[in-house]
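Inside the fold
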Amino acid sequence: MRKTLLLFIFTSLFISCNKENEKFYFIGNWSTTSDTNFNIDIQFFKDSMVIDDSLIYGTYSNKWKVKGSKIEQTLLRGDKSILNYKNTNYYKFNLTKDTLFIKNDLDSIHYFKFAKINNGFEYFENKIGLRIKLEKVSDGLITAGNDDYNFNIYISTKNNKIIAKTDYSNNLNNLASQLFNFKSQIPVKDEKKLKYVLFIDKNVSNKKIDSIKSLFIKEIVEKIFIVKNYKENRWNEPINWLGIYEN
């Protein structure tokens, strides 16, 4: 009887420790990846979580705990007219614990994919779906200014291939139509503020960069701004990009 009781206590402690160890991997910042149709940010703390789902539910917070393969949540703060007081999600991690998959308990198939985020630049890379190592400089830099006037082009490598993409397409094949659509949203009086803003990985050759620049249509957007550095705010807030205008 005594052995049975000790075994029960040991098993209970082991399961409890496993749950706490698993809970440890959640702690931190998570954001949906670029191949997900929704933009959701989650901050996991020890006993609470803050969810920013601006498209549907806004920002709200829950108390949470891990139970088996589920995250059980209780609403702490948020719009009670649209949010459930109790909510349960299924979850799973990848092997390195830096990608989290979550789905509602009523959904039998679809998981949302979240990447673990440590800082603002990682958040930026996660949203564009590329890794970019800037060739940083510190002197003589100015701010890229208002994002509304910036047509962003990201140039990097992925799977040993050069990638050039924008906020509107995964390539530059239809660049003219992208530019026309972008320009049409800007008041005529502000059109001179428009510029290409280039985020260039330092491993991309100058020859390739020049080839990409040759596709730019200066009759639509004239100025070119090269990002060389940045100043971060909070992990999921816009970054102040710093750089230089190209002559």
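Residues numbered from 1 in each chain as written. Predicted model: local features only at pLDDT ≥ 70, side-chain atom pairs only at ≥ 80, totals over all residues. Heavy atoms only, no water.

Focus: the overall build of the protein chain
- Looking only at helices and strands, the protein chain has four helices and 14 strands in total.
- In terms of C-alpha radius of gyration, the protein chain reaches 23 Å, well past the compact-globule figure of 18 Å for 247 residues.
- Taken over 247 residues, the protein chain has a buried fraction of 39%.
- Counted over contacts in the protein chain with a minimum sequence separation of 6, partners at least 24 positions apart contribute 49%. (Helix = DSSP H or I, 4+ residues; strand = E, 2+ residues; numbered from the N terminus. Rg over C-alpha atoms; globule rule 2.2 N^0.38 Å. Buried < 20%, exposed > 50% of the residue type's maximum accessible area, 1.4 Å probe, protein only. Contact = heavy atoms within 4.5 Å.)

What to know about the sheet that holds strand S10 (residues 150–158)
- One open sheet accounts for six strands, arranged S9-S14-S13-S12-S10-S11; its pairing is mixed. Of all the strands in the sheet, the pair left with one neighbour each is strand S9 (142–143) and strand S11 (161–166).
- Where strand S12 (residues 195–200) and strand S13 (residues 223–231) come together, four bridges link them in parallel fashion. From the neighbouring strand, Lys195 faces S13, where its bridge partner is Lys223.
- Together, S10, S11 and S12 form the strand contacts of helix H3 (residues 175–184), whose direction differs from that of S10 by roughly 145°. (Pairing = 2+ DSSP bridges. Axes fitted to C-alpha atoms, helices over the stretch in contact; angles between N-to-C directions.)

Some details on H3
- By the burial criterion, the buried members of H3 are Leu175, Gln178, Leu179, Phe182 and Lys183. Buried residues of H3, viewed axially, fall in a sector of 125°; they line one side. What points out from H3, more than 90 degrees from its buried face, is the exposed set Phe180 and Ser184.
- Here the buried face of H3 lies against S10, S11 and S12. (Arc of directions from axis to C-beta.)

Some points on the sheet that holds strand S8 (residues 112–117)
- Reading around the circumference, S1-S2-S3-S4-S5-S6-S7-S8 is the order of the eight strands in this closed barrel, with antiparallel pairing throughout. The mean inter-strand angle of the sheet, taken between neighbouring strand axes irrespective of direction, is 35°.

Describing the packing of aromatic side chains
- In the structure shown here, the tally under the stated rule is 27 aromatic pairs.
- Relative to Trp241, the ring of Phe121 has its centre 6.2 Å away and its plane inclined at 75°; by these criteria the two rings are edge-to-face. Here Trp241 lies in strand S14 (residues 240–245) and Phe121 lies in helix H2 (residues 120–128), a separation of 120 residues in the sequence. Here Phe121 and Trp241 have matching classes, each one buried.
- Grouped by ring-pair contacts, the aromatic residues Phe24, Tyr25, Phe26, Trp30, Phe44, Trp64, Tyr91 and Phe93 constitute a single cluster. (Phe/Tyr/Trp six-rings, centres within 6.5 Å; stacked < 30°, edge-to-face > 60°.)

As for the side chain of Lys183
- Here Lys183 shows up in helix H3.
- Glu191 is the oppositely charged side chain nearest to the buried, salt-bridge-free Lys183, at an N-O distance of 4.0 Å.
- A polar side-chain atom of Lys183 sits 3.1 Å from the main-chain carbonyl oxygen of Ile220.
- If near-sequence neighbours (up to four positions away) are discounted, Lys183 is found in contact with Glu191, Leu194, Glu219 and Ile220. (Lys, Arg positive; Asp, Glu negative; His and termini not counted. Salt bridge = Lys/Arg side-chain N within 4 Å of Asp/Glu carboxyl O. Polar contact = N/O pair within 3.5 Å; in protein donor to acceptor, adjacent residues only side chain to side chain.)

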